[in-house]
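Spelled out from the first residue to the last, the chains are:
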Number of protein chains: 2
Amino acid sequence: MLTIGKLSKTAGVKVPTIRYYEEIGLLPEAERSAGNQRLYGSATMDRLTFIRHARELGFTLEAIRDLLSLSDTPDQSCAAADQLAKAQLVAVRDRLARLRALEVELERMIAQCAHGTIADCRVIEVLGNHDLCGHAHNASDHPSL
Amino acid sequence: MLTIGKLSKTAGVKVPTIRYYEEIGLLPEAERSAGNQRLYGSATMDRLTFIRHARELGFTLEAIRDLLSLSDTPDQSCAAADQLAKAQLVAVRDRLARLRALEVELERMIAQCAHGTIADCRVIEVLGNHDLCGHAHNASDHPSL
DNA sequence: TTTAATGTCTCTAGCAACTAGAGGTTCAAG
DNA sequence: CTTGAACCTCTAGTTGCTAGAGACATTAAA
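Caption draft 1: Local environment of the sheet that holds strand 2 (residues 31–32) of chain A. All names here are of chain A. Reading across from one edge, 1-3-2 is the order of the three strands in this open sheet, with antiparallel pairing throughout. The two strands at the open ends of the sheet, each matched to only one other strand, are strand 1 (2–3) and strand 2. Pairing between strand 1 and strand 3 (residues 38–40): two bridges, direction antiparallel. Paired with L2 across the strands is Y40, a residue of strand 3.

Take a look at the structure:
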């Protein structure tokens, strides 16, 4: 059995985050030692690793909750999990496209900087002037991922 | 003079967001009508447009605050603004690299889905098994941008 | 001119996904 | 046996907004 600290180190998830995951029900309530400290077995370790990887892949905790409930009932169709992954891929590609546009814009801003005073500096100008902006704005520019 | 609603529509920033920007000092306190409603001139319009574009480019409100204070004193060197933009570009490229890795991973997850039951589904497995993961994890996987 | 609809006001509370800190208890090493 | 690290619970803070309540202002139509 691992203490929360060992689990934290092994899984690469911070201690307060583990407690937070328990609090919101992503992890089951941990067993306790005689002195009321949390103890974990390998099942929780796996679950936490799963969560970490999913987070790193950009899944929200809600999506992870869904995935976990899917994997808790493994006899269903794979389609639902597949669906989640596909939706995630769409979101990721969308985000990629916008980030690439952003990269281009920043490069342009930096290239245009006259290296004089700010009065001449295009970094400020580009941000203030829509005409110079060079990429389309839209309402979904900052989704939660 | 524009009401907050017109300003909102023209600048493409929601009404509560404008009030929020005023509250945190990104926008100056607005003039008021006889009936205590906010009124805006073109200076605030420009400032708000600047803020919106900077947000769309991924600048944090803190970075925007810096940029605004730079542009409020335009006789300084451009170097500071340039510096901000460059730091931003580094962050954006970092984020791009991680998103691309994520894209590959999701594609792989979807491709491996056996289209059977979840028991066989790699979507779950890939997330649970680090060995299959195929990309490096690191501590800065989810920065604030 | 009245009335209805819309817009605006302030204020509080909430969202994700944690992070930080206070103040106290338990555990493991020397 | 003591010390110091790790643990406990609890509250509150973070960023960048968004949503709602309940009241006042403004505008357009009837």
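Caption draft 2: Up close: the protein's contact with DNA strand C. In the vicinity of DNA strand C there are 18 residues, among which A:Y21, B:T3, B:G5, B:R19 and B:R38 approach most closely. Of everything in DNA strand C that lies within 4 Å of the protein, sugar and phosphate atoms constitute 88%. The separation between a phosphate oxygen of DNA strand C and a polar side-chain atom of A:T17 is 3.0 Å. Contributions of two or more residues to the surface near DNA strand C are made by helix 2 (15–23) of chain A together with helix 1 (4–11) of chain B. With three residues, helix 2 of chain A is the largest single contributor of residues to the surface near DNA strand C. Taken together, the residues that form the surface near DNA strand C break down as four nonpolar, nine polar and five charged.

Caption draft 3: The arrangement of the confidence of the model for chain A in detail. All names here are of chain A. This prediction gives chain A a mean pLDDT of 79; 74% of its residues lie at or above 70. Looking across chain A, the model is least confident in helix 6 (residues 122–128), with a mean pLDDT of 64, and most confident in strand 3, with 97. Predicted confidence is poor over residues 132–145, with pLDDT under 50, and the contacts of this stretch with residues over four places away or in other chains come to 25 contacts.

Caption draft 4: Region of the structure containing helix 4 (residues 61–72) of chain B. Taking 1.5 Å per residue, twelve residues should reach 16 Å; helix 4 of chain B reaches 16 Å between its end C-alpha atoms and fits that length. Within helix 4 of chain B the residues assigned to the buried category are B:L61, B:A63, B:I64, B:L67, B:L68 and B:L70.

Caption draft 5: Seen up close, the sheet that holds strand 1 (residues 2–3) of chain B. Residues and elements named next belong to chain B. Strand order in this open sheet of three strands is 1-3-2, and the pairing throughout is antiparallel. Single-partner strands in this sheet number two, and they are strand 1 and strand 2 (31–32). As paired elements, strand 2 and strand 3 (residues 38–40) share two bridges and run antiparallel to each other. Bridge pairing in strand 3 links R32 to R38.

Caption draft 6: Representation of the protein's contact with DNA strand D in the model. Looking at DNA strand D, there are 18 residues lining it, with A:G5, A:R19, A:R38, B:T17 and B:R55 nearest. Across the atoms of DNA strand D situated within 4 Å of the protein, the share located in sugar and phosphate is 90%. In the model, a phosphate oxygen of DNA strand D is placed 3.0 Å from a nitrogen or oxygen of the A:R32 side chain. In this structure, a phosphate oxygen belonging to DNA strand D sits 3.3 Å away from a side-chain N or O atom of B:K14. Listed by contribution, the elements that provide at least two residues to the surface near DNA strand D are helix 1 (4–11) of chain A together with helix 2 (15–23) of chain B. Looking at the surface near DNA strand D element by element, the count peaks at three residues for helix 2 of chain B. Class assignment for the residues of the surface near DNA strand D results in four nonpolar, nine polar and five charged.

Caption draft 7: Inspection of the packing of aromatic side chains at higher detail. Under the defined criterion, the tally for this structure stands at two aromatic pairs over all chains. For the pair A:Y20 and A:Y21, a centre-to-centre distance of 6.0 Å together with 45 degrees between the ring planes defines the contact as tilted.

Caption draft 8: Broad picture of the environment of B:R65. Residues and elements named next belong to chain B. Among the secondary structure elements, R65 is positioned in helix 4. According to the relative accessible area criterion, R65 is partly exposed, its value standing at 30%. A sequence separation of 38 residues divides R65 from L27, and the C-alpha atoms of the two residues are 9.7 Å apart. Not counting residues up to four positions away in its chain, the partners in contact with R65 are I24, G25 and L26. Of the polar contacts made by the side chain of R65, one reaches the side chain of E62; its length is 2.9 Å.

Conventions used here
- Per-chain numbering applies: the sequence of each chain, read as written, is numbered from 1 onward.
- Whichever chain is written first is A, and whichever ligand is written first is 1; the rest continue in order.
- Since the coordinates come from a predicted model, pLDDT governs what is reported: local features require at least 70, and pairs of side-chain atoms require 80 or more to be given and counted, while whole-chain, interface and lining totals use all residues.
- Neither water nor hydrogens contribute to the side-chain values; these are computed over all heavy atoms in the structure.
- We treat two strands as partners when DSSP finds at least two bridges between them.
- Helix and strand assignments follow DSSP, with helices taken as H or I runs no shorter than four residues and strands as E runs no shorter than two, numbered in order from the N terminus.
- Consider each residue's heavy atoms; a residue with any of them within 4 Å of a molecule or strand counts as near.
- Throughout this description, a polar contact denotes any pair of N or O atoms lying within 3.5 Å of each other; where both atoms belong to protein, one of them has to be capable of donating a hydrogen while the other can accept it, and for residues adjacent in sequence the pair is counted only when both atoms sit in side chains.
- Residue polarity is assigned by list, with Asp, Glu, Lys and Arg as charged and Ala, Val, Leu, Ile, Met, Phe, Trp, Tyr, Cys and Pro as nonpolar; anything else, Gly included, falls into the polar class.
- What pLDDT expresses is the predictor's confidence in each residue, scored from 0 to 100.
- Throughout, a residue-residue contact means that at least one pair of heavy atoms, one from each residue, lies within 4.5 Å.
- In a helix, the anticipated span is given by 1.5 Å times the number of residues less one.
- The rule is simple: take the accessible area with a 1.4 Å probe, protein chains only, and divide by the maximum for that residue type; under 20% is buried, over 50% is exposed, in between is partly exposed.
- Only Phe, Tyr and Trp rings take part, Trp by its six-membered ring, and two of them pair if their centres are within 6.5 Å. Stacked means planes under 30 degrees apart, edge-to-face means over 60, and tilted covers everything else.

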